[in-house]
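# Summary of structural features
These are the residues of each chain, in order.
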Amino acid sequence: NQHGVFLKALRDLKKEGKDLPHVIGMHSFTGTAHHVDQLLKFEKEVSPKKPLFYFGFSHSVNYVMCTSDKAKRQGREAVR
């Protein structure tokens, strides 16, 4: 999945000693609660004192456009 690819890319940058962005905005984030948890764990590893990720959610992208009940439920859980 794309969330895993994104996290791997961030880990690779860190492993190579390259600087990460000061902040990363996740506009209309479509991941699950599991993806949020993975990203926040990574955030604690690389930036324990200040936020790295800012998550944005929009009703039209994160709920209305979802066609499955499972995806809608996972979206609600991620926001919680």
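Look a little higher up for the structure.
Description of the structure in this document. Here the structure is a predicted model, which is why all the values come from computation and not from measurement. (Residues numbered from 1 in each chain as written. Predicted model: local features only at pLDDT ≥ 70, side-chain atom pairs only at ≥ 80, totals over all residues. Heavy atoms only, no water.)

Once that is clear, we can look at the packing of aromatic side chains. Each aromatic ring pair is characterised by the separation of its centres together with the angle its planes make. Overall, the coordinates contain 1 aromatic pair when judged by the stated rule. Considering the side-chain rings of Phe53 and Phe55, the 6.3 Å spacing of their centres and the 35° angle between planes classify their relative orientation as tilted. (Phe/Tyr/Trp six-rings, centres within 6.5 Å; stacked < 30°, edge-to-face > 60°.)

Each α-helix turn comprises 3.6 residues. Residues three or four places apart therefore point the same way. For helix α1 (residues 2–15), spanning 14 residues, the distance from its first C-alpha to its last is 20 Å, which sits close to the expected 20 Å at 1.5 Å a residue. Restricting attention to buried positions, one finds in α1 the residues His3, Leu7 and Leu10. Angular distribution of buried residues about the axis of α1 spans 60°; they occupy a single face of the element. Every exposed residue of α1 that faces more than 90 degrees away from the buried side is listed here: Gln2, Lys8 and Lys15. On its buried face, α1 sits against β1 (24–26), α2 (33–46) and β2 (53–55). Looking one or two residues beyond α1, the residue adopting positive phi is Gly17, at roughly 80°. (Helix = DSSP H or I, 4+ residues; strand = E, 2+ residues; numbered from the N terminus. Expected span 1.5 Å × (residues − 1). Buried < 20%, exposed > 50% of the residue type's maximum accessible area, 1.4 Å probe, protein only. Arc of directions from axis to C-beta. Contact = heavy atoms within 4.5 Å.)

Before going further, it helps to spend a moment on the environment of Phe29. With respect to the secondary-structure elements, Phe29 resides in the loop between β1 and α2. Between the C-alpha atom of Phe29 and that of Ala78, which follows or precedes it by 49 residues, the distance is 9.3 Å.

Remark: α1 packs on α2, axes separated minimally by 10 Å, with the N-to-C direction vectors making an angle of 10°. With respect to each other, α1 and α2 are oriented roughly parallel. Contacts from His3, Phe6, Leu7, Leu10, Arg11 and Lys14 of α1 reach α2 at His35, Gln38, Leu39, Phe42, Glu45 and Val46. Along the lines of polarity and charge, the residues of the contact of α1 with α2 split into 6 nonpolar, 3 polar and 3 charged. (Axes fitted to C-alpha atoms, helices over the stretch in contact; angles between N-to-C directions. Parallel < 35°, antiparallel > 145°, perpendicular 65-115°, else oblique. Nonpolar A, V, L, I, M, F, W, Y, C, P; charged D, E, K, R; others polar.)

Under the criterion given, the structure shown has 4 salt bridges. A salt bridge links Glu45 to Arg11; the shortest N-O distance between them is 3.2 Å. With Glu45 in helix α2 and Arg11 in helix α1, this residue pair connects regions lying 34 residues apart in the sequence. Its salt-bridge partner being Glu16, residue Lys18 comes within 3.4 Å of it at the nearest N-O pair. (Salt bridge = Lys/Arg side-chain N within 4 Å of Asp/Glu carboxyl O.)

Scope: geometric values only; no functional claims are made or implied.
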